[in-house]
Amino acid sequence: MDRRPIRWRNPGSGTVVLLLTAIWVFVSAAALRLGPYPELAELTGGRFLEATFGWGPRLASDLLASLGSEGREVYLQYQVVDLLVAGFTALLLVTVVQWAVGRVAGSESEWHNLALLPLAALALELVENVSLFVLAFFHPSVPGLFVSLGSWATRGKLLVGTVAVLAVVAAVVVAWGRMWEERGEW
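Residues numbered from 1 in each chain as written. Predicted model: local features only at pLDDT ≥ 70, side-chain atom pairs only at ≥ 80, totals over all residues. Heavy atoms only, no water.

This part covers the packing of aromatic side chains. Aromatic ring pairs are described here by two measures, namely the spacing of the ring centres and the angle between the planes. Enumeration according to the criterion identifies six aromatic pairs in this entry. When the ring of Tyr-37 is compared with that of Tyr-78, the centres are 6.2 Å apart and the planes differ by 40°; the resulting orientation is tilted. One end of the pair, Tyr-37, is in helix 2 (residues 37–44); the other, Tyr-78, is in helix 3 (residues 57–105), and 41 residues separate them in sequence. Ring geometry for Phe-137 and Phe-138: centres 5.1 Å apart, planes at 85°, overall edge-to-face. The exposure class assigned to Phe-138 is partly exposed, which follows from its relative accessible area of 45%. Chaining the aromatic ring pairs together yields one cluster made of Tyr-37, Phe-48, Tyr-75 and Tyr-78. Here the basic side chain of Arg-155 rests over the ring of Trp-152, its NZ or CZ set 4.2 Å away from the ring centre. (Phe/Tyr/Trp six-rings, centres within 6.5 Å; stacked < 30°, edge-to-face > 60°. Helix = DSSP H or I, 4+ residues; strand = E, 2+ residues; numbered from the N terminus. Buried < 20%, exposed > 50% of the residue type's maximum accessible area, 1.4 Å probe, protein only. Lys NZ or Arg CZ within 6 Å of the ring centre and 35° of its normal.)

Time to look at unusual backbone geometry. Note: most peptide bonds trans; most residues except glycine with negative phi. Here the bond from His-139 into Pro-140 is cis, since omega is 15°, no more than 30 degrees from zero. You can see Pro-140 is positioned in the loop between helix 4 (116–138) and helix 5 (144–183).

Taken residue by residue, helix 2 has Leu-40, Ala-41 and Thr-44 as its buried positions. Axial view of helix 2: buried residues confined to an arc of 100°, hence all on one face. Summarising the contacts, the buried residues of helix 2 are in contact with helix 3. Of the residues trailing helix 2, Gly-45 is marked for its positive phi of about 70°. (Arc of directions from axis to C-beta. Contact = heavy atoms within 4.5 Å.)

For residues with low pLDDT, the predicted coordinates do not support detailed interpretation. Per-residue confidence for the protein chain averages 87 on the pLDDT scale, and 92% of its residues sit at or above 70. Across the protein chain, the element-wise mean pLDDT spans from 87 in helix 1 (residues 14–34) up to 95 in helix 4. (pLDDT = per-residue confidence, 0-100.)

Counting along an α-helix, one turn takes 3.6 residues, and residues three or four places apart therefore face a common direction. Taking 1.5 Å per residue, 49 residues should reach 72 Å; helix 3 reaches only 46 Å between its end C-alpha atoms and comes up short. Maximal helix bending in helix 3 amounts to about 115°, located at Gly-68. Taken from the residues just after helix 3, Gly-106 is the one with a positive phi, measuring 90°. (Expected span 1.5 Å × (residues − 1). Bend = angle between axes of the 7 residues up to and from the residue.)

Now for the environment of Tyr-75. Relative to the assigned elements, Tyr-75 resides in helix 3. Separated by 103 residues in the primary sequence, Tyr-75 and Arg-178 have C-alpha atoms spaced 45 Å apart.

This next bit is on the environment of His-139. Note on placement: His-139 falls in the loop between helix 4 and helix 5. You can call His-139 buried: its relative accessible area is 14%. The sequence separation of His-139 and Gln-79 amounts to 60 residues, and the corresponding C-alpha distance is 15 Å. The contacts of His-139, once residues within four sequence positions are left out, are Ser-61, Leu-64, Ala-65 and Arg-72.

Encoded structure:
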């Protein structure tokens with residue numbers, strides 16, 4: 001059985017990573033300020049199922065009922081924006097991991113597979129968002145399958161996403177340490 005790592009493309013220089021990070025900050029800030037988030041945060045009092053570990057049918061039903069039909073429409077819009085921001089965040093994290101691991105361990109290292117973590121978090125985000133979209137669209141009917149899928153996807157996303165961010169931070173710290181060491185500044 002072939003045990004070689006997945007071939008990942010090196011994103012290039014740190015300049016590409018910095019540029020992508022700057023674009024991510026701008027897009028995320030714009031989505032939070034100009035998208036449906038401010039209105040939804042006001043309607044929910046800042047409570048989001050997406051950030052609640054282990055939400056269930058009662059919490060989902062209560063939150064969606066409190067939004068009213070117009071609020072649920074905003075919630076549907078939010079799911080689309082949330083998924084786009086999550087996709088861009090995953091792209092950024094994959095790029096940063098590839099750059100950092102490439103700097104530290106070279107292009108053939110199995111450590112490049114750390115990039116699968118943000119992709120796994122994105123897949124869980126997709127399941128969560130589709131589940132919440134279905135729940136908001138069909139409210140007051142709360143399909144149990146989508147409550148279970150959404151709740152477990154939220155748990156997984158929060159856990160895997162946290163591990164992914166920690167892995168990226170660790171990879172960047174090691175890469176910066178290696179760069180300073182190479183320059184004799186360490």
